[in-house]
Amino acid sequence: MPARRTSAAAFLVLAVAGAALVGCSKKDDGGKGSADGAAGSVQVTATDSKCDLSKTSFPAGHVELAVANKGSKVTELYVYADGDKIVTERENIGPGTKVTINAEIKAGTYEVACKPGMTGDGIRQKITVTAGSSAPAKADDRLTRAVADYRTYAQEQADATIPVVEQFAAAVTAGDVEKAKSLFAASRVGWERTEPVAESFGDVDPKTDTREDALGEGQSWTGWHRIEKSLWVDGKIGDEEKALAAQLVTDLKDWQKRIPEAEITPTGMANGAKELLDEVSKNKITGEEDRYSHTDLSDFAANVEGARQAYELLKPVAAENEPGLSKTLDAEFEKITGLLGKYRAADGTYTSYDKVTEDERKTFSDAVNSLGEPLSKLAAAVVVK
Amino acid sequence: MDAENEQQAAPAESGGRERQAGLSRRAVIGWAGAGVALGAAAVGTVAAATMSSEDDGAAPQPSPEIPFYGENQSGISTPVQDRLHFAAFDVITDDRDALVRMLKEWTKAAASITGGREVGGGAVGVVPESPPDDTGEALGLPASRLTLTIGFGRTLFDKDGVDRFGLKAKLPEALVDLPKFKGDRLEAGRSGGDLCIQACADDPQVAVHAIRNLARIGMGVVNVRWSQLGFGKTSSTTPDSQTPRNLMGFKDGTHNIAGTDADALAKHVWVAPGDGADWMTGGSYLVARRIRMTIETWDRASLKDQEDTFGRTKIEGAPYGGQKERDAPDLAAMPADSHVRLAHPDSNGGLMILRRGYSFTDGSDGLGRLDAGLFFLAYQRDTRKAFVPLQTKLAANDKLNEYITHVGSAHFACPPGVRKPGEWWGQSLFG
């Protein structure tokens, strides 16, 4: 997986919005409206050397950042939560231009950064968001529970993944190519089921799940797919691969450890489920994801399982708000699960994707679109009206 | 949401668009523009006020809309627009109710976008966490005379002997499997389909927007089987306008049925009561053929050879025996195998079809040859009595065959028009 910063960032924007998102279900608020009495508008004046805010403390809720770039360089604006987690961002703000950024921000301390020239850590300024009087109406208890259950699920997946990854790494270290190959797909299942959570950390995914063509200039290639290429294309394991296998274990333990701090929200779960299907439709239908091992269907199934888990947890609310949507999603999840079942062997492994014909890939593609499109409407169905 | 859509689907009366519940695309832009102006500076208020008064329709413009509602579907006898996006779909569900639901949704969306309005809740009017109903690439563009025309393929009624939707008894006899014509090299990936939508507009972005949004609405029910973009209409349904040239550089389609010629339309194009399947009364049968031209060999053919192939002069387009394009042709003066002579009504007992084909260029093939030609679209009252005999004759004899190959083919029954809001595409068939 390339480090898809836009979708990871999108996940986070929704995530940090947290319970506050109930405050922004105004039907016509497509990002052009005013702050509507909540936090109000914050004027940000950016130059090549300054990043001035009209106020550094405001109440939680809908915040409008009116950014004016009065410098000579193209700039970017970020709002970071602790640990540089992106709350909202805007790139490519040209010299002399103004943009308005809308975000839902809950109480806490953050840093606002302007990045003239769009590089570096930026010129930073601390802000405090207070629990204001415009605090959102209380969240639906069922959604609060769904979020907690989903976090438990993500944690279970990570906990179950680590031992398999350790076995995979041990096989690599022992130079056992065949055994390593047999564990490759299995080592990825828990990750693939909960990938949006991992992506929300920003730094784990590029280390563990990057494909060769997604590498940036100067970025070294590490993680699953690098080892995959050695196993399937080169058919041999050297010292470098052994070191990479050890690194993969370390990086995934980092992922496992950080799940409790992941920001998870109902809409984030819903859009995360949709993103899992997007993954399938972009990289797995084409066979690009596991291009050396052809284990794409294993990842595909895990993505669907993870999406389904998120959906099932949200379903009590979604089915109440949008019964038709929920019915469609039930049927489409059944259909795609049934389709995948035809390609699963008794031992749980899937048909090698290079043996799947063009016609069969088209059938998969239809099933993914049939599920992905209604799934994109799930987030709206769990927004408390 | 449903109620909103119903309102949006109200007929677009001249000057009445702004009264409707759905914002017109122009109004949305005006609104956004006003917001920007206000945010920029206090003096922006004046600019914003000016903009919105313009948008209130004070100065009526010539309508760029073709009425969606009517006895016959628009996009058949309608004056031919400049651009085409044609798509054939496979129905991927066996659930008849799901198909009907989709046709109703399609109809609402079609009524909106042909009126220059957005699909459903619009391009921005949703909760921020959800993707918008309208994909938005036609925002700010006029309706551009967009027409959307639906057709049903034979496989919708009977697919390998299976009656998936209980429609077999309604299969019109005229919706035949086209015979294999001499020289056909048909590709499955460019042929057939359970449904089709022909989108014609003066702006390609508007036509593409329409197909893209319908395909999206249809996900889970239909899948695009193949599609074709076209440009540079190759025949005219308005007799006083210039006949455009095809990619061979010739004027072809001079003698087409005029969209204003009600008698000819009744005789050759519209299905009449008693013609067969009653649900098709007021409809028409569409044949679509992707005709690849071997451009490179054509370009090295002598001028005489080219003119003999058509039976017309290249510059003027005059038929052999005439001086001007619209002069009556002297068929006997043309080579026996010339295209015009073979296709002319006088050589075919008065037989006519309504053509509204487009040129296409899909880049180049792997050998560096232009992948280009004519996307032939023809409407007729009964394909068995029109396209089939005509093409049988042309396929066997036409000198043009040296330079063209039919690589895609499809046949659709296009039902009558949606007469008023609340009715839907295919109602006469499914209802």
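Criteria and thresholds
- Sequence order as written defines residue numbering, which begins from 1 separately in each chain.
- All chains are assigned letters beginning with A, and all ligands numbers beginning with 1, in the order in which they are written.
- Local features in this predicted model are restricted to residues whose pLDDT is 70 or higher, and side-chain atom pairs enter the listing and the counts only when it is 80 or higher, whereas totals over whole chains, interfaces and linings include all residues.
- Excluded from the side-chain calculation are hydrogens and water; included are all heavy atoms of the structure.
- UniProt positions are given in the numbering used here, feature names are shortened, and annotations may be inferred rather than shown by experiment.
- By definition, any uninterrupted DSSP run of H or I lasting at least four residues is a helix, any uninterrupted run of E lasting at least two residues is a strand, and each is numbered from the N terminus.
- Buried means the residue's accessible area, taken with a 1.4 Å probe over protein chains only, is under 20% of the maximum for its type, while exposed means over 50%, and partly exposed covers the values in between.
- Throughout, a residue-residue contact means that at least one pair of heavy atoms, one from each residue, lies within 4.5 Å.
- In these tables, accessible area is a Shrake-Rupley quantity obtained with a 1.4 Å probe, and a residue counts as shielded only by the protein chains included in the view.
- When DSSP finds two or more bridges between two strands, those strands count as paired.
- Angles here are taken between N-to-C directions and fall from 0 to 180 degrees, while the axes themselves are lines fitted to C-alpha atoms, restricted in helices to the stretch in contact.
- Helix span is expected to be 1.5 Å times the residue number reduced by one.
- An angle below 35 degrees is read as roughly parallel, one above 145 as roughly antiparallel, one from 65 to 115 as roughly perpendicular, and any other as oblique.
- With the far helix as reference, a near helix turned anticlockwise by less than a right angle produces a left-handed crossing, and one turned clockwise produces a right-handed crossing.
- Amino acids outside the nonpolar list (Ala, Val, Leu, Ile, Met, Phe, Trp, Tyr, Cys, Pro) and the charged list (Asp, Glu, Lys, Arg) are all regarded as polar, and Gly is one of them.
- What counts as a salt bridge is simple: a side-chain nitrogen of Lys or Arg found within 4 Å of a carboxyl oxygen of Asp or Glu.
- The pairing test for Phe, Tyr and Trp rings, Trp by its six-membered ring, is centres within 6.5 Å, and the orientation test on the planes gives stacked under 30 degrees, edge-to-face over 60, and tilted for anything in between.
- Throughout, a disulfide means two cysteine sulfur atoms within 2.5 Å of one another.

Chain B carries the name Deferrochelatase in an unreviewed UniProt entry, which gives Kitasatospora setae as its organism. A UniProt comment under Function (unreviewed entry) is attached to chain B, and it reads "Involved in the recovery of exogenous heme iron. Extracts iron from heme while preserving the protoporphyrin ring intact." The record in UniProt for chain B states the following under Subcellular location (unreviewed entry): "Cell envelope".

An unreviewed UniProt entry lists chain A under the name Peptidase M75 family protein, with Kitasatospora setae as the source organism. Listed under Subcellular location (unreviewed entry) in UniProt, the entry text for chain A is "Periplasm". Among the UniProt annotations of chain A, the heading Sequence similarities (unreviewed entry) holds the following wording: "Belongs to the EfeM/EfeO family."

K.L.:
What is the right way to read the overall build of chain A from this model?
P.N.:
Within chain A one finds twelve helices and nine strands. For chain A, the residues scored as buried account for 52% of the 385 residues in total. Sequence-distant contacts, at least 24 apart, represent 71% of the contacts inside chain A between residues at least 6 apart. Working note: accessible area of chain A is about 15,800 Å², and carbon and sulfur atoms make up 51% of it.

K.L.:
Please explain the sheet that holds strand S5 (residues 75–81) of chain A as it appears in this structure.
P.N.:
Think of a sheet as strands paired side by side through backbone hydrogen bonds, with each pair either parallel or antiparallel. All names here are of chain A. One open sheet accounts for five strands, arranged S3-S9-S8-S5-S6; its pairing is mixed. The sheet is open, and its two borders are formed by strand S3 (57–59) and strand S6 (85–93), each paired with just one other strand. Ignoring which end each strand starts from, the neighbouring axes of this sheet average 20° apart. Direction of pairing for S5 relative to strand S8 (residues 108–114): antiparallel, over a ladder of four bridges. Along S8, the bridge assignment pairs Val 79 with Val 112.

K.L.:
I tried to follow the pairing of strand S4 (residues 222–233) of chain B on my own but got confused; where do I start?
P.N.:
Taken residue by residue, a regular strand's side chains alternate between the two faces of the sheet. All names here are of chain B. Two elements, strand S1 (residues 83–91) and S4, share nine bridges in a ladder whose sense is antiparallel. Counterpart to Leu 84 in the pairing with S4 is Gly 230. Note: S4 against strand S7 (residues 358–364), two bridges, orientation antiparallel. Each bridged residue has a counterpart across the sheet, and for Phe 231 the counterpart in S7 is Ser 359.

K.L.:
What should I look at first to understand helix H8 (residues 266–284) of chain A in this one?
P.N.:
Each full turn of the α-helix corresponds to 3.6 residues, which orients residues three or four apart in the same direction. Between its first and last C-alpha, H8(A) extends 26 Å over 19 residues, near the 27 Å set by a 1.5 Å rise per residue. Counting buried residues along H8(A), 15 of its 19 residues qualify, which places the element largely inside the surrounding structure.

K.L.:
Please explain the packing of helix H3 (residues 177–193) of chain A against helix H9 (residues 296–321) of chain A as it appears in this structure.
P.N.:
For any two helices packed against each other, the geometry is given by the interaxial angle and the distance between the axes. Residue and element names in this part refer to chain A. The geometry of H3 relative to H9 is characterised by a closest axis approach of 8 Å and an angle of 30° between their N-to-C directions. As the angle between them shows, H3 and H9 are arranged roughly parallel. Here H3 and H9 pass one another in a crossing that is right-handed. Of the residues in H9, those in contact with Ala 185, Arg 188, Val 189, Glu 192 and Arg 193 of H3 are Ser 298, Asp 299, Ala 302, Asn 303, Glu 305 and Gly 306. Its residues assigned to classes, the contact of H3 with H9 shows three nonpolar, three polar and five charged.

K.L.:
Help me understand the side chain of B:Asn223 in this model?
P.N.:
If you trace the backbone, B:Asn223 turns up in strand S4. For B:Asn223, the residues in contact, after removing those within four places along its chain, are A:Lys362, A:Asp366, B:Ala88, B:Phe89, B:Asp90 and B:Ile92.

K.L.:
Any chance you could explain the UniProt feature "domain: Imelysin-like" (unreviewed entry) in chain A here in plain terms?
P.N.:
On the UniProt side, "domain: Imelysin-like" (unreviewed entry) is annotated at positions that read residues 146–378 of chain A here. Regarding residues 146–378 of chain A, the helix share stands at 73% and the strand share at 0%, and the terminal C-alpha atoms are separated by 14 Å.

K.L.:
Please clarify how the environment of B:His255 should be interpreted in this entry.
P.N.:
All names here are of chain B. Summarising the element assignment, His 255 is placed in the loop between S4 and helix H7 (262–268). We classify His 255 as partly exposed; its relative accessible area is 45%. Dropping the residues within four chain positions of it, His 255 is found in contact with His 344, Pro 345, Met 352 and Arg 355.

K.L.:
I tried to follow the pattern of salt bridges on my own but got confused; where do I start?
P.N.:
Working definition: two side chains of opposite charge can pair if their charged atoms are close together. According to the stated counting rule, one finds 56 salt bridges over all chains in the structure shown. A:Arg124 is the partner of A:Glu111 in a salt bridge, and the nearest nitrogen-oxygen pair spans 2.8 Å. Taken as a pair, A:Glu111 in strand S8 and A:Arg124 in strand S9 (residues 123–130) lie far apart in primary sequence, 13 residues in all. Between B:Arg225 and B:Asp90 there is a salt bridge, with its nearest N and O atoms 3.1 Å apart. Pair noted here: B:Arg225 is in strand S4 and B:Asp90 is in strand S1, with a separation of 135 residues, a long-range link. You can call B:Arg225 partly exposed: its relative accessible area is 32%. The exposure class of B:Asp90 is buried, given its relative accessible area of 11%. Connected via shared salt-bridge partners are A:Arg188, A:Glu192, A:Asp209, A:Arg211, A:Asp213, A:Lys284, A:Glu288, A:Glu289, A:Asp290, A:Arg291 and A:Asp299.

K.L.:
Would you explain the packing of aromatic side chains in this entry?
P.N.:
Think of a pair of aromatic rings as described by two things: how far the centres are apart, and how the planes are tilted against each other in angle. All names here are of chain B. Evaluated as defined, the whole model comprises 26 aromatic pairs over all chains. Ring geometry for Trp 226 and Phe 375: centres 6.1 Å apart, planes at 70°, overall edge-to-face. A residue pair is termed long-range when its members are at least 10 positions apart, and Trp 226 in strand S4 and Phe 375 in strand S8 (residues 370–380) qualify at 149 residues. Accessibility classification places Trp 226 together with Phe 375 in one group, the buried group. Ring plane angle 85° and centroid distance 4.9 Å describe the contact between Trp 298 and Tyr 403, whose orientation is recorded as edge-to-face. Taken as a pair, Trp 298 in helix H8 (residues 295–299) and Tyr 403 in the loop between helix H11 (387–397) and strand S9 (404–414) lie far apart in primary sequence, 105 residues in all. One exposure class covers both Trp 298 and Tyr 403, and it is buried. Taken together, the ring pairs connect Phe 68, Tyr 69, Phe 89, Trp 106 and Trp 425 into an aromatic cluster.

K.L.:
Just to check I follow, could you spell out the UniProt feature "domain: Dyp-type peroxidase C-terminal" (unreviewed entry) in chain B for this structure?
P.N.:
The sites that UniProt annotates as "domain: Dyp-type peroxidase C-terminal" (unreviewed entry) are residues 243–418 of chain B. Between the C-alpha atoms that bound residues 243–418 of chain B there is a distance of 30 Å. The span itself is 20% helix and 23% strand.

K.L.:
Just to check I follow, could you spell out the packing of helix H2 (residues 141–173) of chain A against H3(A) for this structure?
P.N.:
All names here are of chain A. Close contact between H2 and H3 brings their axes to 8 Å; oriented N to C, the two are set at 165°. Relative to H3, the element H2 lies roughly antiparallel. The chirality of how H2 crosses H3 is left-handed. Between H2 and H3, the residues in contact are Tyr 150, Tyr 153, Gln 157, Thr 161, Val 164, Val 165, Gln 167, Phe 168, Ala 171 and Val 172 and Lys 179, Ala 180, Leu 183, Phe 184, Ala 186, Ser 187, Gly 190, Trp 191 and Arg 193, respectively. Here the residues of the contact of H2 with H3 sort into twelve nonpolar, five polar and two charged.

K.L.:
Is there a simple way to explain the state of the cysteines in this structure?
P.N.:
Disulfides are covalent bonds that link the sulfur atoms of two cysteine residues. Taken as a whole and assessed by the stated rule, the structure comprises one disulfide over all chains. We note that B:Cys196 lacks a disulfide partner, and the nearest cysteine sulfur, in B:Cys414, lies 5.2 Å from it.

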